[in-house]
Structure formats: structure tokens, C-alpha cells
Number of protein chains: 2
Amino acid sequence: MSLTEETIRNFLEKVADSSPTPGGGSVAALAGAISSALLEMVCNLTIGKEKYKEFEEEMKIEREKCRNYREKFINLIDEDSKAFDEVISAFKLPKDYEGRKEAIQNAYKKASAVPLETAEYCIKLMESGIKIAEKGNKNSISDAGVASLMAKSAFHSAILNVKINLSGIKDSDYVQKTKNRIKKMEYEAENLHRKTMEVVERWL
Amino acid sequence: MSLTEETIRNFLEKVADSSPTPGGGSVAALAGAISSALLEMVCNLTIGKEKYKEFEEEMKIEREKCRNYREKFINLIDEDSKAFDEVISAFKLPKDYEGRKEAIQNAYKKASAVPLETAEYCIKLMESGIKIAEKGNKNSISDAGVASLMAKSAFHSAILNVKINLSGIKDSDYVQKTKNRIKKMEYEAENLHRKTMEVVERWL
């Protein structure tokens, strides 16, 4: 069953228990989904309002994008837990099994690739977020701000999960390439968040 | 029905729809609950491990605190939506009704007090978070980091909701006192987060 079919109360219970999944990686994707949903709400509170008529078409486009991101993040909640469960399974392979090391390495690569995808979607989401903060209903400007805060922490949470899994990977070329990519993404994410909060704070 | 009895998928749908609740205030409280649950998990992955035996009693105490904070945040998810629904109800009172202005003012005060409470619990949670990052299982250090990122964005999200509701309050004494309190809290929250991330980054 998908984790997103759990009630919020049960999902929190599953996070809290002594199993490492769902953990920080799934939480990062969930925060991305929450941020997407908030941005959709701001679009919905803008579309159809006379005052914001000139931005109506753009808000419809952004709403559609955010809806797609939400669906993507929902999948990533489950994918992240599965990927980390595979790391644990690989470690449980018999120590004398020839393919054990390779299985561990492959599992770690997958477990770093999933949160990297989460992080990438956070940046796309924040690109929508800044437009929605600028052109959306100003009665909901705090929601646009919360969406940016959630996307930013989803991004950094995902990156922490990439990094902890990278630390198990022996392919130094893969590690270095991923680290270089992270640096660029960190710059982009901080930049988008800062600009969005500048818009938000003008109205608060 | 409590919002936390919704499935995650349905809760996200309710956030996204064209009703302003649940919105950023409930999302802030949810992020606090998620952060609490992650810290409980780190405690659970530490307790019973020989390597961390010296911290066992402290981890049990922090786990209990985080469990209580989680319950508190869960209540605040619903309380925040209810408080904002009351603001909307007050605005819908007949314009010639004598008590309308007072009803609006009282509703705004309540709608600023609820996220202020969320913000206060975020600081308490971050005080537990730094201890758990320092003394908890280092295999879960990324989860302690994600917990701090979530608590920090829960805090700032709650503060945005305090501010937007303060902007409707005419009692300048109340507004000024709350703003002064926010300033101190912002300093504390940033400080706790920074220190926690210093611990986390030492291990990643």
C-alpha cells in the first residue's frame, strides 16, 4: 500500500517507530507535495477573481504544473522508502555471496538518485512558486511564503539524504559528479527562496 | 473529523482546493508533527544500542518529550484551521450587527495566537533536536538534520501566519508585544537550527 493512503496520524506513527523507513527521504518528498498543494490553493484563490483577471491564464498554467509536481512528489514518498529498504536488504545478503558488494553499491546509487530527483522537483516547484507569489491573490501571500519555506526545507532535506547515501558509494567519479550538481542546485534553490520571500515580505 | 484522520492524499487535496483552510497555518503544525516523529525515530534507533548506552536514559527522556510535542502539533493542525474559519465567519456577520467589529478582532487575535503557539512548540522541539543530533545514532544523522529543517520551516511558516493575522488587529499594544516576542523567538530558532546543522554536517 502507498504510504499516502495512510492517515496522517498513522503515517506519523510509522515515521516515529524504530524502523528507519519511512524516514527523512520520504519526509522530504512529503514536504514537496505539501508545498505543491499550497501553491495550487493560492492559484485556486486567484482564478476567477476580477482583481487578478490579467494573471488568470498564467495562474491556470502554474496550477497545472504544481498539480503534476504534487503527483510526482507523492510517488517519491514511496520510492524513497523502497530505495532505502533495498539498501538494508543488500546488507543482509550472505557475506560470502559474490554479488553482495555490487548489490550494496547499486542500492546506494538508487538511494541517492531518488532524493536527488526530489531535490530537482523542488527547484521546479520554486520556479512556479515565485510567479504565484508575485501574481497570486495577496490575501494568501502567507500561504505562498509557507509553500516556499516547505519547498526549501524539502530541497535541503532531500540533499541530506543524497549525501548520506553518497558516503557509502565507492565510485568516486559518480560521487564527484553528484556533488558538483548539488552545489549548483543549492545555489539555485537558495536564490529562488530568497527572491520569493522578498515578494512575500513586501505584503506582510 | 480531525484533519489527521484524513489520508495524506486526501489531506493534500483539501489543502489544494479553493477553500483557504486547511492552509499555511495547519501546514506549519503538520511540519512540526513530522519533525517530532523523525526525532522520535532517531531516539528509537539509538535506544538499546550498546554503542550509545551512555545516552540511553537521556534519549528516553527526549523521545517522551517529542512524543508529547507531536500530539500537541497534531491538535494545532485542527485548531489553526478552526481559528481561521472563525475569522471568515466573523466577516460574514451582517454589516449592521453591532458586535461585528469586536467579533472580527477577537477572531483575528485567536488566529494569531494559535500559530504563535505552534512557533513556541517548534523552539521546544528544536531544543530536543540538538541533543538528539549530538547523542543519537549517527546512522540516522541525516534524519536529525531533516527534523531540524522541518522544525525551522514549521517555525517560520507559523510566524508568517501570526503576521498576516496581526495585520488585521487594531489593538496596537497587542500587536507590538507580539512583534517583540516574535523577534526574540526568531533569534532563538535560527540559533538552534544553526547549531544543530553544525552537528549534522560534521557527520556528512
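Residues numbered from 1 in each chain as written. Chains lettered and ligands numbered in written order. Predicted model: local features only at pLDDT ≥ 70, side-chain atom pairs only at ≥ 80, totals over all residues. Heavy atoms only, no water.

*Asks:* I'm lost on the pattern of salt bridges in this one. Help?
*Replies:* If the charged atoms of two oppositely charged side chains come close together, the side chains can form a pair. For the coordinates displayed, the defined rule picks out 38 salt bridges over all chains. Among the salt bridges present, the one from Glu62 of chain B reaches Lys131 of chain B, with a minimum N-O distance of 3.4 Å. Placement of Glu62 of chain B in helix α3 (residues 56–91) and of Lys131 of chain B in helix α4 (residues 100–135) is noted, with a sequence separation of 69 residues between them. Its salt-bridge partner being Glu120 of chain B, residue Arg181 of chain B comes within 2.0 Å of it at the nearest N-O pair. With a gap of 61 residues between them, Arg181 of chain B in helix α6 (residues 172–202) and Glu120 of chain B in helix α4 connect regions that are remote in the sequence. Here Arg181 of chain B falls in the partly exposed class, since its relative accessible area comes to 42%. Three or more residues are tied together by salt bridges with common partners; here these are Glu13 of chain A together with Glu40, Arg67 and Arg70 of chain B. (Salt bridge = Lys/Arg side-chain N within 4 Å of Asp/Glu carboxyl O. Helix = DSSP H or I, 4+ residues; strand = E, 2+ residues; numbered from the N terminus. Buried < 20%, exposed > 50% of the residue type's maximum accessible area, 1.4 Å probe, protein only.)

*Asks:* What is the right way to read the side chain of Thr118 of chain A from this model?
*Replies:* All names here are of chain A. Summarising the element assignment, Thr118 is placed in helix α4 (residues 100–135). Accessibility expressed as a relative area gives 0% for Thr118, which makes it buried. Ignoring anything within four residues of it in the chain, the contact list for Thr118 reads Ala28, Ala29, Phe73, Leu76 and Ala158. (Contact = heavy atoms within 4.5 Å.)

*Asks:* What's the story with the nonpolar core in this structure? I'm lost.
*Replies:* Membership of the largest hydrophobic core comes to 140 residues, with the highest contact counts inside it found for Phe73 and Phe155 of chain A together with Phe73 and Phe155 of chain B. Those residues in contact with Phe73 of chain A that sit more than four places away from it in its chain are Ala29, Gly32, Ala33, Ser36, Thr118, Tyr121, Cys122 and Leu125 of chain A. (Core = buried A, V, L, I, M, F, W, Y, C linked by side-chain atoms within 4.5 Å.)

*Asks:* Please clarify how the interface of chain B and chain A should be interpreted in this entry.
*Replies:* Many descriptions give the size of an interface as the accessible area lost when the pieces come together. Across the boundary between the two partners, chain B contributes 54 residues, which contact 54 residues of chain A. Here chain B and chain A share an interface that buries about 4,400 Å² over both sides, 70% of which is from carbon and sulfur atoms. Among the residues chain B hides against chain A, the three largest losses belong to Ile8, Arg9 and Leu160 of chain B. Together they make up 16% of the total. The salt bridge partner of Arg9 of chain B is Glu71 of chain A, with a shortest N-O separation of 3.2 Å. Viewed at the interface, chain A and chain B are joined by 19 residue pairs in polar contact (both at pLDDT 80 or more). Taken together, the elements giving at least two residues each to the side of chain B that touches chain A come down to α1 (8–16), α2 (24–44), α3, α5 (141–166) and α6 of chain B. The element that contributes the greatest number of residues to the side of chain B that touches chain A is α5 of chain B, accounting for 16 residues. Counted by class, the side of chain B that touches chain A contains 28 nonpolar, 14 polar and 12 charged residues. (Buried area = accessible area lost by both parts, 1.4 Å probe. Polar contact = N/O pair within 3.5 Å; in protein donor to acceptor, adjacent residues only side chain to side chain. Nonpolar A, V, L, I, M, F, W, Y, C, P; charged D, E, K, R; others polar.)

*Asks:* What is the right way to look at the confidence of the model for chain A in this model?
*Replies:* The predicted coordinates should not be examined in detail at positions where pLDDT is low. Looking at chain A as a whole, the pLDDT averages 97, with 100% of positions reaching at least 70. Across the predicted assembly, pTM comes out at 0.98 and ipTM at 0.97. (pLDDT = per-residue confidence, 0-100.)

*Asks:* What's the story with the state of the cysteines in this structure? I'm lost.
*Replies:* The term disulfide refers to a covalent linkage connecting the sulfur atoms of a pair of cysteines. Under the counting rule described, the total for this entry stands at zero disulfides over all chains. Cys66 of chain A carries a free sulfur, and the closest cysteine sulfur to it, the one in Cys43 of chain A, is 5.6 Å from it. Of the residues examined, Cys66 of chain A reaches a relative accessible area of 0% and is grouped as buried. Cysteine Cys122 of chain B shares no disulfide, and the gap to the nearest cysteine sulfur, in Cys66 of chain B, comes to 12 Å. The class for Cys122 of chain B is buried, based on a relative accessible area of 0%. (Disulfide = S-S within 2.5 Å.)

*Asks:* Can you help me understand the relation of the copies chain B and chain A in this one?
*Replies:* In summary, the two copies of the chain are related to each other by a rotation about an axis coupled with a shift along it. Rotating chain B by 180° and moving it 0.0 Å along the rotation axis overlays it on chain A with an RMSD of 0.0 Å. In the structure described here, the two chain copies are related by an operation that fits a two-fold rotation axis. Proximity to the rotation axis, assessed at the C-alpha, singles out Thr7 of chain B in chain B; its C-alpha lies 1.9 Å from the axis. Most of the interface of chain B is mirrored in chain A, where 100% of its interface residues again form contacts. (Least-squares fit on C-alpha atoms with pLDDT ≥ 70 in both.)

*Asks:* Hey, could you run me through the packing of aromatic side chains in this one?
*Replies:* The description of two aromatic rings rests on the distance between their centres and on the angle between their planes. Here the structure, examined in full by the defined rule, presents six aromatic pairs over all chains. Arranged with centres 6.0 Å apart and planes meeting at 65°, the rings of Tyr69 of chain A and Tyr121 of chain A form a pair that is edge-to-face. Of this pair, Tyr69 of chain A sits in helix α3 (residues 56–91) while Tyr121 of chain A sits in helix α4; the two residues are 52 residues apart in sequence, bridging distant segments of the chain. Tyr121 of chain A matches Tyr69 of chain A in its accessibility class, with the two residues each being buried. Pairing Phe73 of chain B with Tyr121 of chain B gives two aromatic rings, centres 6.3 Å apart and planes at 75°, and the pair type is edge-to-face. Residue Phe73 of chain B is located in helix α3, and its partner Tyr121 of chain B is located in helix α4; the two are separated by 48 residues in the primary sequence. By the burial criterion, Phe73 of chain B is buried, and Tyr121 of chain B matches it. Site record: aromatic cluster; members linked through ring pairs are Tyr69, Phe73 and Tyr121 of chain A. Directly above the ring of Tyr121 of chain B sits Lys124 of chain B, whose terminal nitrogen or CZ lies 4.9 Å from the centroid. (Phe/Tyr/Trp six-rings, centres within 6.5 Å; stacked < 30°, edge-to-face > 60°. Lys NZ or Arg CZ within 6 Å of the ring centre and 35° of its normal.)

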